[in-house]
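# Coordinates in review
Okay, here's what each chain looks like letter by letter:
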Amino acid sequence: RYMQQADLEGEEEEETGWKLVHGDVFRLPPALPGFCAFVGTGAQLFSLIIFLLLLAVMNLFYPGNRGAMYTAAIVLYALTAGTAGFVSAHLYCRLVGPEGRWALTLVLSATLFPVPLLLMFVFLNTVAIGYGSQAALPFGTILVILVIWTLVTLPLTVIGGILGRNAAKGRDFDPPCRTNKIAREVPPAVWYRQGPCQVFMAGFLPFSAIYIELHYIFASVWGHKLYTLYGILLIAFLMLVIVTAFITVALTYFQLAIEDHRWWWRSFFSGGATGLFVYTYCFFYYFGRSGMFGFLQTSFFFGYMLIASYAAFIMLGTIGFASSLVFVRRIYRAIKCD
């Protein structure tokens, strides 16, 4: 009798928590082309930052010449465009198949970051021209940037997408558990285990890991101080990546433990929440440390920092999703699914 009772308790324990949602955990997220495009863009930005930091560590940038790093960032962004096309198309075709809307995913990959950047640049450059500031870029420089985007970034994105689609042929996603036809109802959760609170916690811890270094970066970009500790910056960036991956995996597990299987977009937003904290820090730095004033300086600071925070959101969101995907596949591969 006691053995039967123990077996029943074991079966009840096995059928609670994250194991209950094995039939829905690999259900594809809504707006899949946009999701894959965000992941591809994040992979491109991650590779861009890695290349920039490696070049900086090798002392290829003179500390007093900021234009060299900005130029290198533009060139590297154009050259790494194939990464966005490959990752986004490869992920989409593995999830859906090579006959899906992978072309739409490529279009989104090529526009999700450049279009907001272009709109912000046009606005800020117009403001600079109106004030007669030297910060306004001349027409020739703008034309060169547009030519680089048209002749280098777009073709590399398309080529990367085609390569990613071909690499996905014959390699289905193959989830460890079969997905049910009807989605499981998500039970209500307490407020501190819902999305907004989870995203807040996911962004606070990684931001605290880079808070000190962020001050020196702001003082170098928006002030008159020189930044030369690129080795420390590389270590801080790696620490940021590791903390983001671990905290996102932990929060994804807590989400699945309350039988909430909608983890795809949640893991992306949890990983990218640090970008929201970075932009919030901008207000503290501007009003408390910078000494800047006037509409021109205010618009330039908050405008370009909005784009930088958006880039950090996409990049860290990709890291959060990728780590959560590896974790979820591993834990569900270890159980027996019907």
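Reading the values: the criteria
Residues numbered from 1 in each chain as written. Predicted model: local features only at pLDDT ≥ 70, side-chain atom pairs only at ≥ 80, totals over all residues. Heavy atoms only, no water. Helix = DSSP H or I, 4+ residues; strand = E, 2+ residues; numbered from the N terminus. Buried < 20%, exposed > 50% of the residue type's maximum accessible area, 1.4 Å probe, protein only. Areas by Shrake-Rupley, 256 points an atom, 1.4 Å probe, with all protein chains shown as cover. Lys, Arg positive; Asp, Glu negative; His and termini not counted. Charge placed at Lys NZ, Arg CZ, Asp CG, Glu CD. Core = buried A, V, L, I, M, F, W, Y, C linked by side-chain atoms within 4.5 Å. Contact = heavy atoms within 4.5 Å. Axes fitted to C-alpha atoms, helices over the stretch in contact; angles between N-to-C directions. Left-handed = near helix turned anticlockwise from the far one by under 90°. Nonpolar A, V, L, I, M, F, W, Y, C, P; charged D, E, K, R; others polar. Salt bridge = Lys/Arg side-chain N within 4 Å of Asp/Glu carboxyl O. Arc of directions from axis to C-beta. Phe/Tyr/Trp six-rings, centres within 6.5 Å; stacked < 30°, edge-to-face > 60°. pLDDT = per-residue confidence, 0-100. Parallel < 35°, antiparallel > 145°, perpendicular 65-115°, else oblique.

### A few points about the overall build of the protein
Across its full length, the protein holds 11 helices and 0 strands. Counting from the amino terminus, helix and strand elements in the protein follow one another as α-α-α-α-α-α-α-α-α-α-α. For the protein, the spread of C-alpha atoms along the three principal axes comes to 85 × 45 × 35 Å. Per-residue burial over the protein gives 45% buried out of 338 residues. As presented, the protein carries roughly 18,200 Å² of accessible surface, and 69% of it is formed by carbon and sulfur atoms. Separation between the mean location of the 21 positive side-chain charges and that of the 16 negative ones in the protein comes to 13 Å.

### Observations concerning the nonpolar core
Leu45, Leu256, Trp263, Phe321 and Tyr332 are the most contacted members of the largest nonpolar core, which totals 64 residues. Of all the secondary-structure elements, those providing two or more residues to this core are helix H2 (32-57), helix H3 (66-79), helix H4 (81-95), helix H5 (102-111), helix H6 (114-131), helix H9 (230-257), helix H10 (264-290) and helix H11 (294-333). Among the elements that make up this core, the one with the highest residue count is H11 (14 residues).

### Structural notes on the environment of Leu205
Within the secondary structure layout, Leu205 lies in helix H8 (residues 195-221). With a relative accessible area of 40%, Leu205 lands in the partly exposed category. Each C-alpha atom of the pair Leu205 and Leu240 lies 9.2 Å from the other, and the pair is 35 residues apart in sequence.

### Here's the deal with the side chain of Asp260
Among the structural elements, Asp260 can be located in the loop between H9 and H10. In this structure Asp260 comes out as buried when scored by relative accessible area, which is 4%. Leave out the neighbours within four places in its chain, and Asp260 touches Val186, Gln255 and Arg266.

### Remarks on the packing of H5 against helix H7 (residues 139-168)
Relative orientation of the contacting elements H5 and H7 amounts to 145 degrees, with a least axis distance of 10 Å. Note on packing geometry: the crossing formed by H5 with H7 is right-handed. On H7, the residues touching Trp102, Leu106 and Ala110 of H5 are Trp149, Leu154, Thr157, Val158, Gly161, Ile162 and Arg165. In the contact of H5 with H7, the residues fall into 7 nonpolar, 2 polar and 1 charged.

### Comments concerning the pattern of salt bridges
A complete count under the given rule lists 3 salt bridges for this structure. We note a salt bridge from Asp260 to Arg266, for which the minimum N-O separation is 3.3 Å. Across the pair, exposure class does not vary: Asp260 and Arg266 are buried alike. Through salt bridges that share partners, Asp260, Arg262 and Arg266 make up one connected network.

### Some words on H5
Among the residues of H5, those classed as buried are Trp102, Thr105, Leu106, Ser109 and Ala110. Buried residues along H5 cover an arc of 130 degrees about the axis, so they all sit on one side. Looking at the buried positions of H5, the neighbouring elements they touch are H2, H4, H6 and H7.

### Re the packing of aromatic side chains
Counting across every chain of the model gives 43 aromatic pairs. Here the aromatic rings of Phe200 and Phe204 are separated by 6.4 Å at their centres, their planes lie at 15 degrees, and the arrangement is stacked. Residue Phe200 and its partner Phe204 are located together in helix H8, separated by 4 residues, close to a single helical turn. According to the relative accessible area criterion, Phe204 is partly exposed, its value standing at 43%. Both rings, one in Phe218 and one in Tyr285, keep their centres 5.2 Å apart while their planes meet at 75 degrees; by these two values the pair is edge-to-face. Highlighted residues: Phe218 in helix H8 and Tyr285 in helix H10, separated in sequence by 67 residues. Residue classification places Phe218 among the buried positions, given a relative accessible area of 3%.

### A short note on the confidence of the model for the protein
In the predicted model, the protein carries a mean pLDDT of 85, and the fraction of residues at 70 or more is 93%. Taken together, the stretch residues 1-13 has pLDDT below 50 and engages in 0 contacts with residues farther than four places along the chain or on a different chain.

### Looking at the environment of Tyr62
Mapped onto the elements of the fold, Tyr62 is located in the loop between H2 and H3. Sequence separation of Tyr62 and Leu226 is 164 residues, and the distance between their C-alpha atoms is 10.0 Å.

### Side note on unusual backbone geometry
In this model, Ala31 sits at a positive phi of 55 degrees, which is unusual for a non-glycine residue. With respect to the helices, strands and loops of the structure, Ala31 is situated in the loop between helix H1 (2-14) and H2. Judged by its relative accessible area of 53%, Ala31 is exposed. Residues other than glycine seldom take positive phi values, yet Glu259 does so here, at roughly 65 degrees.

### Observations concerning the packing of H8 against H9
Axis angle and axis distance: for two packed helices, these are the angle between their axes and the distance between the axes, and together they describe the pair. Where H8 meets H9, the closest approach of the two axes is 8 Å, and the angle between their N-to-C directions is 175 degrees. Overall, the two elements H8 and H9 adopt an arrangement that is roughly antiparallel. Of H9, the residues touching H8 (which contributes Gln198, Met201, Ala202, Leu205, Pro206, Ala209, Ile210, Glu213 and Ile217) are Ile232, Leu233, Ala236, Met239, Leu240, Val243, Thr244, Ile247, Leu251, Thr252 and Gln255.

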